[in-house]
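Here is what each chain is made of, one letter per residue.
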Amino acid sequence: MSNLFEGIKQKVAGKGISIVLPEGTDERILSAADRLAKENVLKPILIGEVANVKAKASDLGLALEGVEILDPSTYENMEELVASFVERRKGKATEEQARKALLDPNYFGTMLVYSNKANGLVSGATHSTADTVRPALQIIKTKQGVSKTSGVFIMVRDDEKYVFADCAINIAPNSQDLAEIAIESAKTAKLFDIDPKIAMLSFSTKGSAKSPETEKVAEAVKIAKELAPELTLDGEFQFDAAFVPSVAKSKAPESVIQGDANTFIFPSLEAGNIGYKIAQRLGNFEAIGPILQGLNMPVNDLSRGCNSEDVYKLSIITAAQAL
Ligand SMILES: CC(C)(COP(=O)(O)OP(=O)(O)OC[C@H]1O[C@@H](n2cnc3c(N)ncnc32)[C@H](O)[C@@H]1OP(=O)(O)O)[C@@H](O)C(=O)NCCC(=O)NCCS
Ligand SMILES: CC(=O)OP(=O)(O)O
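The name given to the protein in an unreviewed UniProt entry is Phosphate acetyltransferase, with Gottfriedia solisilvae as the source organism. Database annotation for the protein, UniProt heading Catalytic activity (unreviewed entry): "acetyl-CoA + phosphate = acetyl phosphate + CoA". In its Pathway (unreviewed entry) section, the UniProt record describing the protein reads: "Metabolic intermediate biosynthesis; acetyl-CoA biosynthesis; acetyl-CoA from acetate: step 2/2."

Near ligand 1 there are 19 residues, and of these Arg89, Lys92, Arg134, Ala168 and Asn170 occur at the shortest range. Contact distances for ligand 1 include 2.5 Å between an oxygen atom and a side-chain N or O atom of Arg134. A distance of 2.8 Å separates a nitrogen atom of ligand 1 from a polar atom in the backbone of Ala168. When isolated, ligand 1 has an accessible area of 940 Å², and the protein chains bury 62% of it.

Close to ligand 2 lie Phe153, Asn273, Tyr276, Lys277, Pro290, Ser303 and Arg304, which account for all nearby residues. Here an oxygen atom of ligand 2 sits 2.9 Å away from a polar atom, N or O, in the side chain of Lys277. Here an oxygen atom of ligand 2 and a backbone polar atom of Arg304 are 2.8 Å apart. Here ligand 2, which alone exposes 260 Å², has 85% of that area covered by the protein.

A rise of 1.5 Å per residue sets the reference length of helix α7 (residues 129–140), with its 12 residues, at 16 Å; its end C-alpha atoms lie 16 Å apart and thus fit the reference within 8%. Every buried residue belonging to α7 is among Thr132, Val133, Pro135, Ala136, Ile139 and Ile140, and all of these are buried. The buried residues of α7 all sit within an arc of 145 degrees when viewed along its axis, so they share a single face. At its buried positions, α7 is contacted by α4 (78–88), α6 (105–114), β4 (120–123), β10 (286–293) and β11 (299–301). Lys141 occupies a position one or two residues after α7 and carries a positive phi of about 65 degrees.

Turning our attention to the side chain of Thr318. Within the element layout of this structure, Thr318 appears in helix α13 (residues 308–322). Within the structure, the side chain of Thr318 is placed 2.6 Å from the backbone oxygen of Leu314, a separation counted as a polar contact. Residue contacts for Thr318: discarding those within four places in its chain leaves Ile19, Gly120, Leu121, Val122, Pro298 and Asn300.

We now examine the packing of aromatic side chains. A full pass over the atoms with the stated rule returns 11 aromatic pairs. Aromatic side chains Tyr162 and Phe243 sit 5.6 Å apart centroid to centroid with 75 degrees between the ring planes, which places their arrangement in the edge-to-face category. With Tyr162 in strand β6 (residues 160–165) and Phe243 in helix α10 (residues 239–243), the pair connects residues that are 81 residues apart, well separated along the chain. On the accessibility criterion, Tyr162 (13% relative accessible area) is buried. What links up through ring pairs into an aromatic cluster is the set Tyr162, Phe164, Phe239, Phe243, Phe264, Phe266 and Phe285.

One pass over the structure, following the stated rule, counts 20 salt bridges. For Glu39, the salt bridge is made with Lys9, and the minimal N-O distance between the two is 3.4 Å. Placement of the pair is Glu39 in the loop between α2 (27–38) and β2 (43–47) and Lys9 in helix α1 (residues 2–12), with a sequence separation of 30 residues. Residue Glu39 is classed as partly exposed on the basis of its relative accessible area, which comes to 36%. Here Glu309 ties to Arg35 by a salt bridge, and the two come within 2.9 Å at their closest N and O atoms. One end of the pair, Glu309, is in helix α13; the other, Arg35, is in helix α2, and 274 residues separate them in sequence.

Time to look at the pairing of strand β5 (residues 150–157). Of all eight residues in β5, seven are buried, a share of seventy percent or more. Strand direction decides the pairing type here: β5 and β10, joined by six bridges, are antiparallel. Note on β10: the bridge partner recorded for Val156 is Glu286. The pairing of β5 with β6 spans five bridges and is antiparallel. By the bridge assignment for β6, Val156 is matched with Lys161. Counting the residues in the hairpin turn of β5 and β6 gives two residues, including Asp158, whose phi is positive at 50 degrees.

Note on sheets: strands pair through backbone hydrogen bonds, and any given pair is parallel or antiparallel. With parallel pairing, the five strands of this open sheet are ordered in space as β3-β2-β1-β4-β11. Every other strand in the sheet has two partners, leaving β3 (68–70) and β11 as the edge strands with one partner each. With strand direction ignored, the average angle separating the axes of adjacent strands in the sheet is 25 degrees. Pairing between β4 and β11: three bridges, direction parallel. Looking at β11, one finds that Ser123 is bridged to Asp301.

Conventions used here
- Residues numbered from 1 in each chain as written.
- Chains lettered and ligands numbered in written order.
- Predicted model: local features only at pLDDT ≥ 70, side-chain atom pairs only at ≥ 80, totals over all residues.
- Heavy atoms only, no water.
- UniProt positions renumbered as here; feature names shortened; annotations may be inferred.
- Near = heavy atom within 4 Å.
- Polar contact = N/O pair within 3.5 Å; in protein donor to acceptor, adjacent residues only side chain to side chain.
- Areas by Shrake-Rupley, 256 points an atom, 1.4 Å probe, with all protein chains shown as cover.
- Helix = DSSP H or I, 4+ residues; strand = E, 2+ residues; numbered from the N terminus.
- Expected span 1.5 Å × (residues − 1).
- Buried < 20%, exposed > 50% of the residue type's maximum accessible area, 1.4 Å probe, protein only.
- Arc of directions from axis to C-beta.
- Contact = heavy atoms within 4.5 Å.
- Phe/Tyr/Trp six-rings, centres within 6.5 Å; stacked < 30°, edge-to-face > 60°.
- Salt bridge = Lys/Arg side-chain N within 4 Å of Asp/Glu carboxyl O.
- Pairing = 2+ DSSP bridges.
- Axes fitted to C-alpha atoms, helices over the stretch in contact; angles between N-to-C directions.

What follows is the structure in structure tokens.
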């Protein structure tokens, strides 16, 4: 990972890309922000009461030089943000509701990104995924042609790197969703110099079992092939048929994937979230993400089990998505 990550870091360093970190008093966030600013990789913006953030930083021996701190309750352009929020939420939020929502650091930070006052946002060290991503879904929204955002992990162990999706957002994706997730995951894979070979996962390989669940994945394969015929993609596969060449030979001898898949699309959030945590905790893979894909501007969610290194890396990846 180190070479791969260094490459991404070099792409973003010194370009003045600003990343909002709404959890401004969390130790992991403070350490990462201080390091990012010190190394001139990007411009961190912490959200919180200025005196509190500074006191916490000083307890940790951090100077926070080059780190901006914004407090929603004293933010000078709040009226502009309120008006923009009401406009964006058209009929879904009153001015009063907007004013209240914008005191929440995640909503406030997301509006800074939406208003081009920052280039991206990383949160979730102390907030749940739902609380972290909901403002982005409501305000930043998905890119044209993408109906659902989804969350990818880059799984890294020595020279091995894989893409796992969706591990974070869509609880019960349908066939169309799975096809879109696969197409977006291929783009994310390329950001990490992975040439995507995509396996649509199931508990069945090429019709070895039949149920609504397996047919949902088989249909997703069909849709994805129609939408993006240029991709190397197939399924439905059990994980061994996608990953082990000898098993592929016996279970799916005609497939374009012969045990060499590197991008795995899980059939549900249960499978994806459990799957990545097993690889991380039992397989000693580093899990980078979840990286949200398909949004108009980059917003990423940390796992609450993250450390300062994870915050540092996800901030840099978010900056790379903003390029
Ligand atoms: C992502 C999640 C929070 C959205 O749930 P929610 O806030 O109840 O969503 P709602 O259905 O109320 O939709 C809220 C808005 O987000 C949009 N939205 C919901 N899911 C979306 C998705 N996957 N992609 C894009 N937009 C989405 C809706 O269209 C809606 O927009 P609108 O208000 O402009 O109409 C929910 O799917 C969830 O909790 N997922 C699991 C997260 C999780 O716990 N993961 C495990 C740990 S990583
Ligand atoms: C991605 C994920 O599972 O996040 P958390 O561990 O915070 O629930």
